[in-house]
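Descriptive structure summary
So the chains spell out like this:
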Amino acid sequence: MILAENICGNSEHNVKHFKMGHLKNGEAEISLRKQNDQVPCQDFIGRCGNLGSCNGDKCEAKNTAGMSSDGLEIQIPSASTEPDAKKARLHKENREMTFQDMYDNQNLFDDEDDDSDWEPLEKPVEVLKWFCTNCTMVNFDDVVHCDICGEHKESGILRLGFFASPLLKDASATDLEMEIKEQDKDKLMRNPAGNSSTAIGFDERMLLHSEVEMKSHPHPERPDRLQAIAASLATAGIFPGKCYPINAREITKEELRKVHSLEHVEAVDLTSNLLSSYFTSDTYANEHSAHAARLAAGLCADLASAIYSGRAKNGFALVRPPGHHAGVRQAMGFCLHNNAAVAALAAQAAGAKKVLIVDWDVHHGNGTQEIFDQNKSVLYVSLHRHEGGKFYPGTGAADEVGTMGAEGYCVNVPWSRRGVGDNDYIFAFQHVVLPIASEFAPDFTIISAGFDAARGDPLGCCDVTPAGYAKMTHMLNDISGGKILVILEGGYNLRSISSSATAVVKVLLGESSECQQQNDLPSKSGLQTVLEVLKIQMNFWPTLASTFTNLETQWGIYSSLENQKRQTRKRCRPRVIAPFWWKWGRKSLLYHLLTGHFNVKRRSL
């Protein structure tokens, strides 16, 4: 189809219609549909050249070959007379137009300009926006600090970690960076890496695991997470510096088969042949993801073996993708292979008989629980948001305790609300985690360290501080004679995850001066959760009975104080005096409410 463009004519015109069609000899026939044989026109130029030529006031149409066999109507403008005549008549009558006149002459109100060639703007107005490097939240381009976390648009957090100022633009070189470099030299002189007993598992190839095509929002599980932690450790002179690296290797298929089904292992490997794929709507993979997942699992296995055999005192696995949602047969929740489960079996292969896994990620580690649900040699303890199963992944209720003779070897501490902070976590550690772990007496301890319960995390929405994570690490450090491996799981605010991870590594190095915790009481909901867990778990761990009795007494005192406060508020509430005759009339209900004969129950927060 050939389309004519740039048709133009006089400003006032009617439209004459011509119809073109193919003749048998291939020439186009042009015929007038109205009586006028000739019309005035200006240049009539189509996409393939002139379709006619003008000689003075006459226009002679030329035959055109190569037209489409379909009929093509071409509009040519001509002079307009009828609307002007109606306008003149109405003007001559010298009267205002009535609604009837408007209805009868609707064409008078049409726009006289021909807008048939109108087209929308090629480039519509676009609202500029940017995504925060720290928390991935969207912001408009007219602000330089994130509306959610306050991080600068061009923050240096990926270069200096949490040491970078959140309010200032990153510079090529800063006084802080030069000062830290000088401090690093002094630290290395006092404590060279060769004398370190803390190993770090890290490989840059794990950064290649990323979402190929960004959707409406950057994926929270992104390579920046490892970069921010690595930058913080480097800026603090910890790694490289005080800690030493271990060589990375890919986990073997035989090792993975001890944890996952063959179908799952092959499904993850298959992603190496695909540019982009998804196991679930939020669990992505690219062509490098399977390799990254095997490296992460291999690092965790080798760290566990090195720690238990004594080649390292403890270690931190700075790995991704995370793993605690990956079950026997499925990948989900950003997780492909279960790194903690692989490390637990590697420690047992090295000689450990009993392994403790403490999972403080804000999401329940449903994959780890599934893998060891019937295993009495692995004690799994998880502290997570649950909220009656409404928080992802919905598992991890207090009554999920293990099956098939392994009851009691799965301990869930399910928080009932958001905003849980240091006091609740430390309280649960003191009254649930440590008593059970001490009675279990593990040979090796693994921490599934998700930092998405940290203050400022966009997914967890809790309030644990770096000092809180350091305190929990310190409390677990002596459970298995110091043989402890920390494995990175979740955490999606770069400043929170990097500062928290650095605090944990400092505890592993013996720098526990920041771990002093005040003896503050838990929240009401935190105490309720701990009591619920103790009531269930004391059936399997008898030593918890005394703790439950003491806390139940404490809960009774707490409830009594709350009742006294409510009664005090009730007595202090001003009472309205109502006319006594309301008692028998239509306002009797209002009378009883105002005089206090009916009590309205308030919903407790």
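Residues numbered from 1 in each chain as written. Predicted model: local features only at pLDDT ≥ 70, side-chain atom pairs only at ≥ 80, totals over all residues. Heavy atoms only, no water.

1. A look at the packing of aromatic side chains
Heads up, the rule is: Aromatic contacts are taken between Phe, Tyr and Trp rings whose centres are within 6.5 Å, Trp giving its six-membered ring; a plane angle under 30 degrees counts as stacked, one over 60 as edge-to-face, and the others as tilted. What counts as a helix is a DSSP run of H or I of at least four residues, what counts as a strand is a run of E of at least two, and both are numbered from the N terminus. For each residue, the accessible area found with a 1.4 Å probe, counting protein chains only, is set against the maximum for its type, and the residue is called buried under 20%, exposed over 50%, and partly exposed in between.
Counting across every chain of the model gives eight aromatic pairs. Centre to centre, the rings of Phe 334 and Tyr 492 are 5.8 Å apart; their planes meet at 85 degrees, and the pair counts as edge-to-face. Here Phe 334, found in the loop between strand E14 (314–317) and helix H10 (339–349), pairs with Tyr 492, found in the loop between strand E19 (484–488) and helix H14 (494–508); they are 158 residues apart in sequence, far enough to count as distant. According to the relative accessible area criterion, Tyr 492 is buried, its value standing at 4%. Here Trp 360 and Tyr 469 contribute two aromatic rings whose centre-to-centre distance is 5.4 Å and whose plane-to-plane angle is 50 degrees, an arrangement assigned as tilted. Linking Trp 360 in the loop between strand E15 (355–359) and helix H11 (366–371) with Tyr 469 in helix H13 (residues 466–476), this pair joins segments that are 109 residues apart in sequence. Note on Tyr 469: relative accessible area 1%, which makes it buried.

2. Concerning the confidence of the model for the protein chain
Parts of the model with low pLDDT should not have their predicted coordinates read in detail. Note the threshold: Per-residue confidence from the predictor is reported as pLDDT, which spans 0 to 100. Two residues form a contact once any of their heavy atoms are found within 4.5 Å.
Scored by pLDDT, the protein chain comes out at a mean of 81, with 68% of its residues at no less than 70. When the criterion is pLDDT under 50, residues 1–80 qualifies, and its contacts beyond four places in sequence or with other chains add up to 114 contacts. Across residues 600–605 the pLDDT falls below 50, and counting only partners more than four positions away or on other chains, this stretch makes two contacts in the model.

3. Focus on the sheet that holds strand E17 (residues 410–415)
Put simply, the rule reads: When DSSP finds two or more bridges between a pair of strands, those strands are recorded as paired.
The strand order across the open sheet built from eight strands is E11-E10-E14-E19-E18-E15-E16-E17, with neighbouring strands paired in parallel fashion. Here the strands that pair on one side only, and so sit at the sheet edges, are strand E11 (244–245) and E17.

4. Considerations on unusual backbone geometry
The step from Phe 239 to Pro 240 runs through a cis peptide bond, and the omega angle for that step is 0 degrees. Within the element layout of this structure, Pro 240 appears in helix H6 (residues 238–242). Residue Tyr 392 is joined to Pro 393 through a cis peptide bond whose omega torsion reads 0 degrees. Tracing the chain through its elements places Pro 393 in the loop between strand E16 (378–385) and E17. Positive phi is not limited to glycine here, since Glu 387 has a value of about 55 degrees. Position of Glu 387 relative to the elements: it lies in the loop between E16 and E17.

5. Re the side chain of His 219
Keep this limit in mind: Polar contact is defined as a pair of N or O atoms within 3.5 Å, subject to the rule that within protein one atom must be able to donate a hydrogen and the other to accept it, and that residues adjacent in sequence are counted only when both atoms are side-chain atoms.
Along the polypeptide, His 219 turns up in the loop between strand E10 (198–201) and helix H5 (224–235). Owing to a relative accessible area of 12%, His 219 belongs among the buried residues under this scheme. At a separation of 3.1 Å, a polar atom in the side chain of His 219 contacts the main-chain amide nitrogen of Glu 221. A polar atom in the side chain of His 219 sits 2.8 Å from the backbone oxygen of Asp 282. Ignoring anything within four residues of it in the chain, the contact list for His 219 reads Glu 211, Asp 282, Tyr 284 and Phe 334.

6. Things to note about the nonpolar core
Looking at soluble globular proteins, one finds that nonpolar side chains tend to be buried together. Selection rule: Take the buried Ala, Val, Leu, Ile, Met, Phe, Trp, Tyr and Cys residues and link them wherever side-chain atoms come within 4.5 Å; each set so joined is a nonpolar core.
In this structure, Phe 316 and Phe 451 are the most contacted members of the largest nonpolar core, which totals 106 residues. With 11 residues, helix H12 (residues 422–440) is the largest single contributor of residues to this core. Not counting residues within four places of it along the chain, the set of residues in contact with Phe 316 comprises Ala 199, Ile 200, Gly 201, Leu 303, Phe 451, Leu 485, Val 486, Ala 501, Val 504, Val 505 and Leu 508. The next biggest cluster of nonpolar side chains, apart from the first, holds five residues, and it includes Val 268, Ala 290, Ala 331 and Leu 336.

7. Considerations on the packing of H12 against H13
Here is the rule we go by: Lines fitted to C-alpha atoms define the axes here, with helix axes fitted over just the stretch in contact, and angles between the N-to-C directions of these axes take values from 0 to 180 degrees. Any angle that is under 35 degrees is reported as roughly parallel, and any over 145 degrees as roughly antiparallel; angles of 65 to 115 degrees are reported as roughly perpendicular and all others as oblique. Basically, the charged four are Asp, Glu, Lys and Arg, the nonpolar ten are Ala, Val, Leu, Ile, Met, Phe, Trp, Tyr, Cys and Pro, and anything else, Gly included, counts as polar.
Interhelical geometry of H12 versus H13 gives an angle of 10 degrees and a closest axis separation of 10 Å. One element, H12, and the other, H13, form an angle in the roughly parallel class. Where H12 approaches H13, its residues Asp 422, Tyr 425, Ile 426, Phe 429, Gln 430, Val 433 and Leu 434 are matched on the opposing element by Gly 468, Lys 471, Met 472, Met 475 and Leu 476. Along the lines of polarity and charge, the residues of the contact of H12 with H13 split into eight nonpolar, two polar and two charged.

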